[in-house]
Amino acid sequence: MKYRDFTLDDFDSVIDLWKRAGLILSRSDTIEGLEKKLKRDSELFFVAEEDGRIIGAVMGCYDGRRGWINHLAVDPEYQGRNIGQAIIKELEKRFKKLGCEKVNLLIEKNNCKVQGFYENMGFKTDELIFMEKWI
């Protein structure tokens, strides 16, 4: 398995991967939205490949204080092989290189089965009220 930065040529493959992995996509998960993401911290948005096939992807973000893990997904055919753990470790390495000391993530209620995975990776639950507004 190797990592490489996401490019817009990967858009269809990664969107398909996210859907097959059960992630909920939002109205910002368009080619235009991901193009904006690439202008900010493209080194945190990468794919994992095996034999030229994208088998995992993650969109990390760094705001200068905190890192965020968004849309981590592993191809369902490859789940259970520690690929998600390897992707998290690679992303943490990239965060550290930027000076990031704390990483956050959110889990959609319909995807709560992944909570144990993240707990095994050292994440802890923090009781917060999450609010959002599309503008």
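Above this text sits the structure in question.
Description of the structure in this document. Since the structure is predicted, the reported quantities are computational estimates derived from the model, not experimental observations.

What counts as what
Residues numbered from 1 in each chain as written. Predicted model: local features only at pLDDT ≥ 70, side-chain atom pairs only at ≥ 80, totals over all residues. Heavy atoms only, no water. Core = buried A, V, L, I, M, F, W, Y, C linked by side-chain atoms within 4.5 Å. Buried < 20%, exposed > 50% of the residue type's maximum accessible area, 1.4 Å probe, protein only. Helix = DSSP H or I, 4+ residues; strand = E, 2+ residues; numbered from the N terminus. Contact = heavy atoms within 4.5 Å. Pairing = 2+ DSSP bridges. Axes fitted to C-alpha atoms, helices over the stretch in contact; angles between N-to-C directions. Arc of directions from axis to C-beta. Expected span 1.5 Å × (residues − 1).

Counting 20 residues, the largest nonpolar core has Ile69 and Ile87 as its most contacted members. Mapped onto this core, the elements with two or more residues apiece are strand S2 (45-50), strand S3 (53-62), strand S4 (67-74) and helix H3 (83-97). Considering every element that reaches this core, the biggest residue donor is H3, with five residues. Dropping the residues within four chain positions of it, Ile87 is found in contact with Tyr3, Phe46, Ala48, Gly56, Ala57, Val58, Leu72, Ala73 and Val74.

Quick look at the sheet that holds strand S1 (residues 2-5) now. Strands sit in the order S1-S2-S3-S4-S5 across an open sheet of five strands; the sheet is mixed. Each edge of the open sheet is held by one strand with a lone partner, namely S1 and strand S5 (103-105). Each strand of the sheet is rotated relative to its neighbour by a mean of 30 degrees, with strand direction disregarded. Two elements, S2 and S3, share six bridges in a ladder whose sense is antiparallel. Looking at the pairing, Glu49 lines up with Ile54 of S3. The strands that helix H2 (residues 31-41) touches are S2 and S3; relative to S3, the one it contacts most, it runs at about 65 degrees. Where H3 meets the sheet, its contacts fall on S1, S2, S3, S4 and S5, and the angle it forms with S4 comes to roughly 155 degrees.

Regarding H2, the residues found buried are Leu34, Lys37, Leu38 and Asp41. Mapping the buried residues of H2 onto a view down its axis gives an arc of 100 degrees, with all of them on the same face. Of the residues in H2, the exposed ones pointing more than 90 degrees away from the buried face are Lys36, Lys39 and Arg40. Looking at the packing, one finds that the buried side of H2 touches helix H1 (11-20), S2 and S3.

It is worth spelling out H3 at this point. Taking 1.5 Å of rise per residue, 15 residues should cover 21 Å, and H3 covers 21 Å from first to last C-alpha, within 8% of that figure. Along H3, the residues that are buried comprise Ile83, Gly84, Ile87, Ile88, Glu90, Leu91, Arg94 and Phe95. All buried residues of H3 project into a common sector of 165 degrees when viewed along the axis, lining one side. Among the exposed residues of H3, those oriented more than 90 degrees off its buried face are Lys89, Lys93, Lys96 and Lys97. Against S1, S2, S3, S4, S5 and helix H4 (115-120) lie the buried residues of H3. Just past H3, the residue Gly99 takes up positive phi, approximately 90 degrees.

The next subject is the environment of Asp51. Looking at where Asp51 falls in the secondary structure, it is placed in the loop between S2 and S3. Among the residues examined, Asp51 registers a relative accessible area of 80% and is labelled exposed. In this structure, the C-alpha to C-alpha distance between Asp51 and Leu34, residues 17 residues apart in sequence, is 25 Å.

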